[in-house]
Amino acid sequence: MKIAFFSSQPYDITFFNKCNKDFGFDLDYFDMALDEQSVNLVTSEFDVICVFVNDKVDAGVIEVLSERGVKYIALRCAGFNNVDLEVAHKKGIRVCRVPAYSPEAVAEHTLAMLFTLNRKIHKAYNRVREQNYSLNGLLGTNIYKKTVGVIGTGNIGAVFCRMMKALGTEVLAYDLYPNEQLKAEGIRYVDLDTIFSQSDIISLHCPLTPETLHLINDDSIVKMKSGVMLINTSRGKLIDTNAVIQGLREKKIGALGIDVYEQEEKVFFRDLSETILEDERLQLLTSFPNVLVTAHQAFFTDEALTQIAFVTLDNLKQLDATNEIIGRNAEL
Ligand code: NAI
């Protein structure tokens, strides 16, 4: 099978080439993102396209893929909000993804953002490098005994809930489908308003859907505790960026950690250090001392990339052989 990879980065090539030694597929890498123009790189010799979070797989793109005889769309990520599943289904193109390659990787990054912001490690790092050993302005709070609100308790949210519980916090959770095991472990499911009004820290782990689009907006921010810490390692559009900027300005939001950003498609996964950033909202956010932005790196661990490569190629092998996916993981 011949696979066209879009948005390929050097690390994708390293991990997929290594893993492919056991599969023997024909892999072709393109560094540009998939969109209505780059879809023309997909000639009729390709059976599969492999895409990541910011590739655009909308109706128009799928139409072209279908004309070229593409059989499978393989997402090498968990989220699938960028694919028009209905149109793919109508065209008879099967779609597969990597549902849970390493929830620990994302939960650990969330924790890293939380601690960095709380103890101002990002500022301390720079200060000490400039021989500034003063502590003024670096005051944090204990996380112990704080209330943490977790929205979405699937694979990643569940791991994060357990981490926070182990730190001695009270964990409140909201999900459309509460997890009975987490309840038994002392995680308390409440409604969204209670999450907003009682949490010192709120972390988002639900997918982007029409219902969760701008879940964090002017109305929800008004309900939050003053000085709340907000962390989003899920999808950028869960947050209305303008509302959050206003919340930061009014000091209602005490700290913001984002690994994902509403307009990230134009910026993330690229080295723009020699250009002038056109995204003024991102520029503004990164100028705030209490905002930490990472560029969609929560998934980025050796274990996760190994798992992503294995599951993606194994999904295709199974689909091609049996038309079904059992969902196996690599042994690490
Ligand atoms: P999952 O599918 O295991 O869990 C999602 C949970 O959200 C489910 O329990 C579901 O019931 C819940 N949910 C769905 N709609 C909801 C709503 N309206 N309100 C509240 N809860 C709702 O997904 P997983 O693996 O935990 O990933 C969560 C999200 O994290 C993904 O959708 C993806 O967007 C993001 N992600 C980000 C990564 C990064 O590198 N920053 C890497 C991997 C995933």
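- As named in an unreviewed UniProt entry, the chain is 2-hydroxyacid dehydrogenase, taken from Myroides pelagicus.
- The Sequence similarities (unreviewed entry) comment attached to the chain in UniProt states, word for word, "Belongs to the D-isomer specific 2-hydroxyacid dehydrogenase family."

1. Notes on the overall build of the chain
- Within the chain, the secondary structure is distributed over 12 helices and 12 strands.
- For 332 residues, the compact-globule estimate of 2.2 N^0.38 gives 20 Å, and the C-alpha radius of gyration of the chain, at 21 Å, lies within 12% of that figure.
- For the chain, with 332 residues in total, the buried portion stands at 49%.
- Taking the intrachain contacts of the chain between residues at least 6 apart in sequence as the baseline, contacts between residues at least 24 apart amount to 64%.
- Split by element, the accessible area of the chain, about 16,500 Å² in all, is 51% carbon and sulfur.

2. Points about the environment of R76
- When you line up the elements, R76 lands in the loop between β4 (72–75) and α3 (85–90).
- C-alpha of R76 to C-alpha of L172: the two residues are 96 residues apart in sequence and 31 Å apart in space.
- Setting aside chain neighbours within four positions, we find R76 in contact with F5, F6, S7, S8, D12, F16, C50, V51, F52, V98, I308 and T312.
- Among the polar contacts made by the side chain of R76, one reaches the main-chain carbonyl oxygen of F6 at a distance of 2.6 Å.
- Among the polar contacts listed, one links the side chain of R76 to the backbone oxygen of C50, at a separation of 3.1 Å.

3. Some words on the pairing of strand β2 (residues 26–29)
- Here strand β1 (residues 2–5) pairs with β2 via four bridges, running parallel. Among the inter-strand pairings, F5 is bridged to a residue of β2, identified as Y29.
- On the question of chirality, the crossover connecting β1 to the parallel β2 by way of helix α1 (residues 10–20) is right-handed.

The rules behind each value
Residues numbered from 1 in each chain as written. Predicted model: local features only at pLDDT ≥ 70, side-chain atom pairs only at ≥ 80, totals over all residues. Heavy atoms only, no water. UniProt positions renumbered as here; feature names shortened; annotations may be inferred. Helix = DSSP H or I, 4+ residues; strand = E, 2+ residues; numbered from the N terminus. Rg over C-alpha atoms; globule rule 2.2 N^0.38 Å. Buried < 20%, exposed > 50% of the residue type's maximum accessible area, 1.4 Å probe, protein only. Contact = heavy atoms within 4.5 Å. Areas by Shrake-Rupley, 256 points an atom, 1.4 Å probe, with all protein chains shown as cover. Polar contact = N/O pair within 3.5 Å; in protein donor to acceptor, adjacent residues only side chain to side chain. Pairing = 2+ DSSP bridges. Right-handed = clockwise from strand over helix to strand, strands pointing away.

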